[in-house]
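Each chain is listed here by its residues.
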Amino acid sequence: MGEMIDAGGTRVRSGGGYGESLFEPEHPREAERIDAAALVFDPFTTRRLRALGVGPGLRCLEVGAGTGTIVRWLLETAGVEEVVALDRDTEALALLDDRRLRVLTADITDERLHPGTFDLIHARFVLMHLPDRRRLVPRLAGWLNPGGLLVLGDAVELPDVLDTSSPYRRTMDAMWQALRSTIGTDISAVPAYPRFLREEGLRNVGAEAFCPPLVLGGPLALFWSETLSRMRPALEATGRVDADVVEQALTYLSSPRLAELGPGMAMAWGQRE
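Cut-offs and rules
Residues numbered from 1 in each chain as written. Predicted model: local features only at pLDDT ≥ 70, side-chain atom pairs only at ≥ 80, totals over all residues. Heavy atoms only, no water. Helix = DSSP H or I, 4+ residues; strand = E, 2+ residues; numbered from the N terminus. Rg over C-alpha atoms; globule rule 2.2 N^0.38 Å. Buried < 20%, exposed > 50% of the residue type's maximum accessible area, 1.4 Å probe, protein only. Contact = heavy atoms within 4.5 Å. Areas by Shrake-Rupley, 256 points an atom, 1.4 Å probe, with all protein chains shown as cover. Lys, Arg positive; Asp, Glu negative; His and termini not counted. Charge placed at Lys NZ, Arg CZ, Asp CG, Glu CD. Phe/Tyr/Trp six-rings, centres within 6.5 Å; stacked < 30°, edge-to-face > 60°. Axes fitted to C-alpha atoms, helices over the stretch in contact; angles between N-to-C directions. Left-handed = near helix turned anticlockwise from the far one by under 90°. Nonpolar A, V, L, I, M, F, W, Y, C, P; charged D, E, K, R; others polar. Pairing = 2+ DSSP bridges. Right-handed = clockwise from strand over helix to strand, strands pointing away. Parallel < 35°, antiparallel > 145°, perpendicular 65-115°, else oblique. pLDDT = per-residue confidence, 0-100. Salt bridge = Lys/Arg side-chain N within 4 Å of Asp/Glu carboxyl O. Polar contact = N/O pair within 3.5 Å; in protein donor to acceptor, adjacent residues only side chain to side chain.

Describing the overall build of the protein chain
- Looking only at helices and strands, the protein chain has eight helices and ten strands in total.
- A compact globule built from 273 residues would reach a C-alpha radius of gyration of about 19 Å, and the protein chain, at 19 Å, matches this within 12%.
- When its C-alpha atoms are laid out on the principal axes, the protein chain stretches across 50 × 35 × 30 Å.
- Burial analysis of the protein chain (273 residues in total) assigns 55% to the buried set.
- Residue pairs in contact within the protein chain that sit at least 24 positions apart in sequence constitute 75% of those at least 6 positions apart.
- Surface summary for the protein chain: the accessible area is close to 11,900 Å², and the carbon and sulfur share equals 53%.
- When the 30 positive and 39 negative side-chain charges of the protein chain are each reduced to one mean point, those points stand 4 Å apart.

Okay, structure coming up:
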């Protein structure tokens, strides 16, 4: 594998955020949970990256590299020149062996972090978990080379407004509240990402959204089932649901009756002059 470094010479981890209060990377099923979502969203992500011209010759920064599925695509399929894979926990990247890969163990919010400049910066399901997400957009844009692309992807949801009382809906609503109160997750600003990019002076700004259906036995249903199971105490602490309601929601996710438009992802992109 490439060089393993950290920012400022020490490992940087902030308290109470993603991976600490919830979804600890050392959990035996965390990689499986992340990869289940990747099976659904990677084709959407890579199709857009390819359409934006991502390919040989580019130097790329993958923010929140996770288990490395997009890193592998950039290296093996897109054939880029270099990938810097940034995450607070990079143990899942240890098996990747490519001279074009540099693994950076750091926190994107660390003011000391200066990873260089890039032709592509991609951050997926990262900013939504960070309270200072708006402040990070100009920082990421500032790391772009001339002509470089900033691509942001975060969660969006189109709930059935006619269904406010089913166990599934109540549990999902409790989940978003629990995520806000425990780790600061907030998806309300995601539709504003194109405007954020325009405000930073980026051109050729575009956006698209993908909200896949929840299919019985499919990876997205498995992802949400595992997510809700792991969040049980936090869900109940919201006061919106009790143990019985959560159990009914989990049963529904594994039932032939399952028919929902699941939470999806919106992507926005822009290019530096």
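So, unusual backbone geometry
- A positive phi angle, close to 55°, is found at Phe125, a residue other than glycine.
- One can find Phe125 in the loop between β5 (118–124) and α3 (133–142).
- Its relative accessible area of 25% is what places Phe125 among the partly exposed residues.
- A positive phi angle, near 50°, is found at Asn204, a position not held by glycine.
- Following the sequence through the fold, Asn204 ends up in strand β7 (residues 203–210).

A short note on the packing of aromatic side chains
- Applying the stated criterion across every chain, the model contains seven aromatic pairs.
- Between the aromatic rings of Phe41 and Phe210, the centroid separation amounts to 6.1 Å while the plane-to-plane angle is 80°, which identifies the pairing as edge-to-face. On the criterion of sequence distance, the pair formed by Phe41 in helix α1 (residues 30–51) and Phe210 in strand β7 is long-range, its members being 169 residues apart.
- For Phe41, a relative accessible area of 4% translates into the label buried.

Examining the packing of α1 against helix α6 (residues 219–230)
- In the contact formed by α1 and α6, the axes pass within 8 Å of each other and the chain directions differ by 145°. When the axes of α1 and α6 are compared, the crossing they make is left-handed. Between α1 and α6, the contacting residues are Glu30, Arg33, Ala36, Ala37, Leu39, Val40 and Phe41 on the first element and Pro219, Leu220, Phe223, Glu226, Thr227 and Arg230 on the second.
- Counted by class, the contact of α1 with α6 contains eight nonpolar, one polar and four charged residues.

Here we look at α3
- When we look at burial in α3, the residues that qualify are Arg133, Leu136, Val137, Arg139, Leu140 and Ala141.
- Along its buried surface, α3 packs onto β2 (59–63), β5, β6 (144–156) and α5 (193–199).

Looking at the pairing of β5
- Of all seven residues making up β5, seven are buried, and the element is well covered by its neighbours.
- Relative to β5, β2 runs parallel, the two being bridged by four bridges. Among the inter-strand pairings, Val63 is bridged to a residue of β5, identified as Ala123.
- In this sheet, β6 lies alongside β5 in parallel orientation, the contact comprising six bridges. Bridge pairing in β6 links Ala123 to Leu152.
- Between the parallel pair β5 and β6, the chain is carried across by α3, and the sense of this crossover is right-handed.

Focus: the packing of helix α4 (residues 167–183) against helix α8 (residues 243–253)
- Relative to each other, α4 and α8 sit at 110°, their axes nearing to 8 Å. In terms of axis orientation, α4 runs roughly perpendicular to α8. In terms of crossing hand, the pair formed by α4 and α8 is left-handed. Across the interface between the two elements, Pro167, Tyr168, Arg170 and Thr171 of α4 pack against Val245, Val246, Gln248, Ala249, Tyr252 and Leu253 of α8.
- Within the contact of α4 with α8, the residues separate by chemical class into seven nonpolar, two polar and one charged.

Topic: the confidence of the model for the protein chain
- On average, residues of the protein chain score 91 in pLDDT, and 92% of them are at 70 or above.
- Note on residues 1–15: pLDDT is under 50 here. Beyond four places in sequence and across chains, it has 47 contacts.

So, the pairing of strand β10 (residues 264–271)
- For β10, the tally of buried residues reaches eight of eight residues, placing the bulk of the element in the interior.
- Both faces of β10 are covered, namely the face carrying Gly264, Ala266, Ala268 and Gly270 and the face carrying Met265, Met267, Trp269 and Gln271.
- With eight bridges connecting them, β6 and β10 associate as antiparallel partners. For Asp154, the partnering residue across the bridge sits in β10 and is Ala266.

A look at the side chain of Asp87
- Within the fold, Asp87 resides in strand β3 (residues 82–87).
- At 5.5 Å, Arg88 is the nearest oppositely charged side chain to Asp87, a buried residue that forms no salt bridge.
- At a separation of 3.2 Å, a polar atom in the side chain of Asp87 contacts the main-chain amide nitrogen of Ala65.

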